[in-house]
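# Coordinate inspection notes
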Amino acid sequence: MDNILELKQVTKLFPESEFKLDSVSFSVPYGSIMGIVGENGAGKTTTIGCILNTVLRDRGDVRLFGRRMRDPDTDLREKIGVVYDGNNFPAYLTADRLSRIMQGVYRAWDEPLFRKYLEDFGLPAGQKIRHYSRGMTMKLAIAVALSHHPQLLILDEATGGLDPVMRDEMLDVLLEFVQEEQHSVLMSSHITSDLEKIADYITFIHNGQVILTASKNDLAYRYAVMRCRESEFQTLDPQDIIAYRKRDYQTDVLVADGQRMRHMYRDAVVDHVSLDEIMILLIKGEKGGSAPC
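Source: prediction; values computed, not measured. (Residues numbered from 1 in each chain as written. Predicted model: local features only at pLDDT ≥ 70, side-chain atom pairs only at ≥ 80, totals over all residues. Heavy atoms only, no water.)

### Overview of unusual backbone geometry
Of note in the backbone geometry, Asn 53 takes a positive phi value of approximately 65 degrees without being a glycine. Within the secondary structure, Asn 53 sits in the loop between helix H1 (44-52) and strand S4 (59-64). You will see that Asn 207, though not glycine, has its phi angle at about 50 degrees, which is positive. Mapped onto the elements of the fold, Asn 207 is located in the loop between strand S8 (201-206) and strand S9 (209-215). (Helix = DSSP H or I, 4+ residues; strand = E, 2+ residues; numbered from the N terminus.)

### Examining the packing of aromatic side chains
By the definition in use, this model includes four aromatic pairs. Judged by centre distance (5.9 Å) and plane angle (40 degrees), the rings of Phe 14 and Phe 19 are tilted. Directly above the ring of Phe 14 sits Lys 12, whose terminal nitrogen or CZ lies 5.7 Å from the centroid. The positively charged end of Lys 79 is found above the aromatic ring belonging to Phe 65, 5.0 Å away from the centroid. (Phe/Tyr/Trp six-rings, centres within 6.5 Å; stacked < 30°, edge-to-face > 60°. Lys NZ or Arg CZ within 6 Å of the ring centre and 35° of its normal.)

### Here we look at the side chain of Thr 47
You can see Thr 47 is positioned in helix H1. Discounting residues that sit within four places of it in the chain, Thr 47 has contacts with Leu 7, Leu 21, Val 24, Phe 26 and Ile 205. (Contact = heavy atoms within 4.5 Å.)

### Brief notes about the environment of Asp 120
Residue placement: Asp 120 occurs in helix H4 (residues 111-121). Accessibility expressed as a relative area gives 48% for Asp 120, which makes it partly exposed. Taking C-alpha positions, Asp 120 is 9.9 Å from Lys 139, a pair spaced 19 residues apart along the chain. Within the local environment of Asp 120, its side chain forms a polar contact with the side chain of Lys 116, the two groups lying 2.7 Å apart. (Buried < 20%, exposed > 50% of the residue type's maximum accessible area, 1.4 Å probe, protein only. Polar contact = N/O pair within 3.5 Å; in protein donor to acceptor, adjacent residues only side chain to side chain.)

### Brief notes about helix H3 (residues 95-105)
Among all positions of H3, only Ala 95, Leu 98, Ser 99 and Met 102 are buried. Across the axial projection of H3, the buried residues extend over an arc of 100 degrees, all falling on one side. In H3, the exposed residues that point more than 90 degrees away from the buried face are Arg 100 and Gly 104. Buried residues along H3 sit against H4 and helix H5 (134-146). (Arc of directions from axis to C-beta.)

### What to know about the packing of H3 against H4
Taken N-terminus to C-terminus, the directions of H3 and H4 make an angle of 150 degrees; their axes are 11 Å apart at the nearest point. Comparing their axes, H4 and H3 come out roughly antiparallel. In this structure, the crossing between H3 and H4 has a hand that is right-handed. Of H4, the residues touching H3 (which contributes Ala 95, Asp 96, Ser 99 and Gln 103) are Glu 111, Phe 114, Arg 115 and Leu 118. Of the residues belonging to the contact of H3 with H4, the class tally is three nonpolar, two polar and three charged. (Axes fitted to C-alpha atoms, helices over the stretch in contact; angles between N-to-C directions. Parallel < 35°, antiparallel > 145°, perpendicular 65-115°, else oblique. Left-handed = near helix turned anticlockwise from the far one by under 90°. Nonpolar A, V, L, I, M, F, W, Y, C, P; charged D, E, K, R; others polar.)

### Some points on the sheet that holds strand S11 (residues 243-246)
Ordered by their spatial adjacency, five strands build an open sheet running S13-S10-S12-S11-S14, and the pairing between neighbours is antiparallel. Here the strands that pair on one side only, and so sit at the sheet edges, are strand S13 (269-272) and strand S14 (286-287). Where S11 meets strand S12 (residues 251-255), four bridges bridge the pair, whose relative direction is antiparallel. Bridge pairing links Tyr 244 to Val 253 in S12. Set on the sheet, helix H11 (residues 275-284) makes contact with strand S10 (224-228), S11, S12 and S14; between it and S11 the angle comes to about 85 degrees. (Pairing = 2+ DSSP bridges.)

### Concerning the nonpolar core
Residues Leu 140, Leu 155, Phe 204, Leu 219, Ile 278 and Leu 282 are the most contacted members of the largest nonpolar core, which totals 60 residues. Every residue in contact with Phe 204, bar those within four places of it in the chain, is listed here: Val 37, Gln 209, Val 210, Ile 211, Leu 212, Leu 219, Leu 275, Ile 278, Met 279 and Leu 282. Grouped together as the second largest cluster of nonpolar side chains are 27 residues, Ile 4, Ile 36, Leu 152 and Val 210 included. (Core = buried A, V, L, I, M, F, W, Y, C linked by side-chain atoms within 4.5 Å.)

### So, the pattern of salt bridges
This structure, assessed with the given rule, holds 19 salt bridges. A salt bridge links Asp 85 to Arg 134; its shortest N-O distance comes to 2.8 Å. In this pair, Asp 85 sits in the loop between strand S5 (80-84) and H3 while Arg 134 sits in helix H5, placing the two residues 49 residues apart along the sequence. Given the relative accessible area of 29%, Arg 134 is considered partly exposed. One salt bridge in this structure joins Arg 260 and Asp 240, with 2.8 Å as the shortest N-O distance. (Salt bridge = Lys/Arg side-chain N within 4 Å of Asp/Glu carboxyl O.)

Remember that the coordinates give geometry; whether it matters functionally is a separate question.
Structure representation (structure tokens):
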């Protein structure tokens, strides 16, 4: 079994709105970090809800550790640590009281480990959570998620709103977590620079659909954007085009093999491409004839 998490054709309909999660499929290998990227409202949180059974999917299959998770499967839930954007715990609690509650929730709750995280993160155990800063509350959520020894961490926009130093500290914690080859992270974010630092794979979601899944190495070293004049654009093979966006005097074209395109079109400008630009071209651009996923 190579994947800690697998989604196949996961669909969730919302009859009272125009949005639906439409046949979402991707997998997260053991020992890896998968980033889910998309604009607000793209379906990232709904996808995570379907994984955790907090949103009941209409169709499709989700497997965690090779199994379908049902509500009574507490052994599977023990293996998952979850951190949401915003308030993860009641504001009137202290970290001390929260720890006592978690001892009754998780069989593998590790009190000494939790205390170590509180010390490492500079979190006062006796102070009410309402008096924590946003960064401190996110550190507390990470500490709780890690202190019952999960194998899979799921984070939903957990670094949003944190300052760069705080985000960097959190990313280091995640990188340390996946040093264990049986551990993985699924992390949704609209902060692509975070995922460029730590992710092994990226899944782009737009309007409830997966529009691209690729390894970060491929995105960084193989994918590229061609800057074409109209006459150059007309000579391109449609099968080489993933997406394109026309501007006043040029067309930006997303391609999956920049080196090949440099050899084929020697006069064209072919640049490395960031995750931000990939997302913009995929979302705002027109689809070409080639759309690997």
